[in-house]
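Structural overview for review
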Amino acid sequence: QVQLMESGGGLVQPGGSLRLSCAASGGSFSGYTVAWFRQSPGKEREFAAGIRWSGGNLYFADSVKGRFTISRDFARGTVSLQMNNLEPEDTAVYYCAIGRPIMSSNRQPSSYYYWGQGTQVTVSS
């Protein structure tokens with residue numbers, strides 16, 4: 001069974017940057033779409049960004065477009081989420097997930113079947 005591990009969360013001031021990383025054990029990302037979701041207290045888990053491991057297709061939520069980038073590292077077997085110009089509204093637990101969603105559902109949490117434990121990102125002055 002594939003296990004996912006996120007790293008890189010923390011506390012940052014508004015306008016700052018953080019880089020999250022997702023690694024897999026017990027398997028690889030080959031054939032999967034790797035996505036980052038986030039969830040803040042009282043809100044539903046929402047899609048932030050995704051990448052198809054094989055084709056490199058990228059997907060972004062409108063709320064992060066232009067500020068977040070997602071990339072893959074074949075040598076390390078990891079997927080990273082670079083978050084720039086962070087806003088207090090970006091504060092959430094960020095989760096890495098993998099699945100094989102169809103295009104119309106690649107932003108739905110139900111399309112992903114392996115999840116990490118999450119890493120906290122707090123944007124505050």
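The text that follows walks through the structure, step by step, so that each part is easy to find. (Residues numbered from 1 in each chain as written. Predicted model: local features only at pLDDT ≥ 70, side-chain atom pairs only at ≥ 80, totals over all residues. Heavy atoms only, no water.)

1. What to know about the environment of Pro101
Residue position: Pro101 is located in the loop between strand 9 (92-99) and strand 10 (112-115). Leaving out residues up to four positions away in the same chain, Pro101 has contacts with Thr33, Asn106, Ser111 and Tyr112. (Helix = DSSP H or I, 4+ residues; strand = E, 2+ residues; numbered from the N terminus. Contact = heavy atoms within 4.5 Å.)

2. Here's the deal with the packing of aromatic side chains
Counted under the stated rule, the structure contains 8 aromatic pairs. Arranged with centres 5.7 Å apart and planes meeting at 80 degrees, the rings of Phe37 and Phe47 form a pair that is edge-to-face. A residue pair is termed long-range when its members are at least 10 positions apart, and Phe37 in strand 4 (residues 33-39) and Phe47 in strand 5 (residues 46-52) qualify at 10 residues. A relative accessible area of 0% means that Phe37 is categorised as buried. With 6.4 Å between their ring centres and 75 degrees between their planes, Tyr95 and Trp115 make a pair best called edge-to-face. Of this pair, Tyr95 sits in strand 9 while Trp115 sits in strand 10, and the two are 20 residues apart along the sequence. Looking at Tyr95, the relative accessible area reads 14%, which means it is buried. An aromatic cluster is built from Phe37, Phe47, Tyr95, Tyr112 and Trp115, whose rings are joined through pairwise contacts. Over the aromatic face of Tyr95 sits the side chain of Arg45, whose NZ or CZ is 3.8 Å from the ring centroid. (Phe/Tyr/Trp six-rings, centres within 6.5 Å; stacked < 30°, edge-to-face > 60°. Buried < 20%, exposed > 50% of the residue type's maximum accessible area, 1.4 Å probe, protein only. Lys NZ or Arg CZ within 6 Å of the ring centre and 35° of its normal.)

3. What to know about the sheet that holds strand 3 (residues 18-25)
A sheet is described by the order of its strands in space; here 4 strands give the open sequence 1-3-8-7, paired in antiparallel fashion. Taken across any chain shown, the strands that pair with only one partner, and hence form the sheet edges, are strand 1 (3-7) and strand 7 (68-73). Ignoring strand direction, the axes of neighbouring strands in this sheet form an average angle of 20 degrees. By the bridge criterion, 5 bridges tie strand 1 to strand 3 in an arrangement that is antiparallel. Its bridge partner being in strand 3, Met5 is matched across the sheet by Ala23. (Pairing = 2+ DSSP bridges. Axes fitted to C-alpha atoms, helices over the stretch in contact; angles between N-to-C directions.)

4. Some remarks on the environment of Ser21
Relative to the assigned elements, Ser21 resides in strand 3. Taking the C-alpha atoms as reference points, Ser21 and Trp36, 15 residues apart in sequence, are found 9.9 Å from one another. Ignoring sequence-local partners within four residues, the contact set of Ser21 consists of Met5, Glu6, Ser7, Trp36, Thr78, Val79 and Ser80.

5. Points about the nonpolar core
Judged by nonpolar contacts, the single largest core of 34 residues is most densely connected at Phe29, Trp36, Ile70, Val79, Leu81, Met83 and Tyr94. Where this core is concerned, the elements lending two or more residues are strand 3, strand 4, strand 5, strand 6 (58-60), strand 7, strand 8 (78-83), strand 9 and strand 11 (119-123). In terms of residue count, strand 9 provides more of this core than any other element does, 5 residues in total. Other than its neighbours up to four places away in sequence, Phe29 contacts Leu4, Cys22, Ala23, Ala24, Val34, Trp53, Gly77, Thr78, Val79 and Ile98. (Core = buried A, V, L, I, M, F, W, Y, C linked by side-chain atoms within 4.5 Å.)

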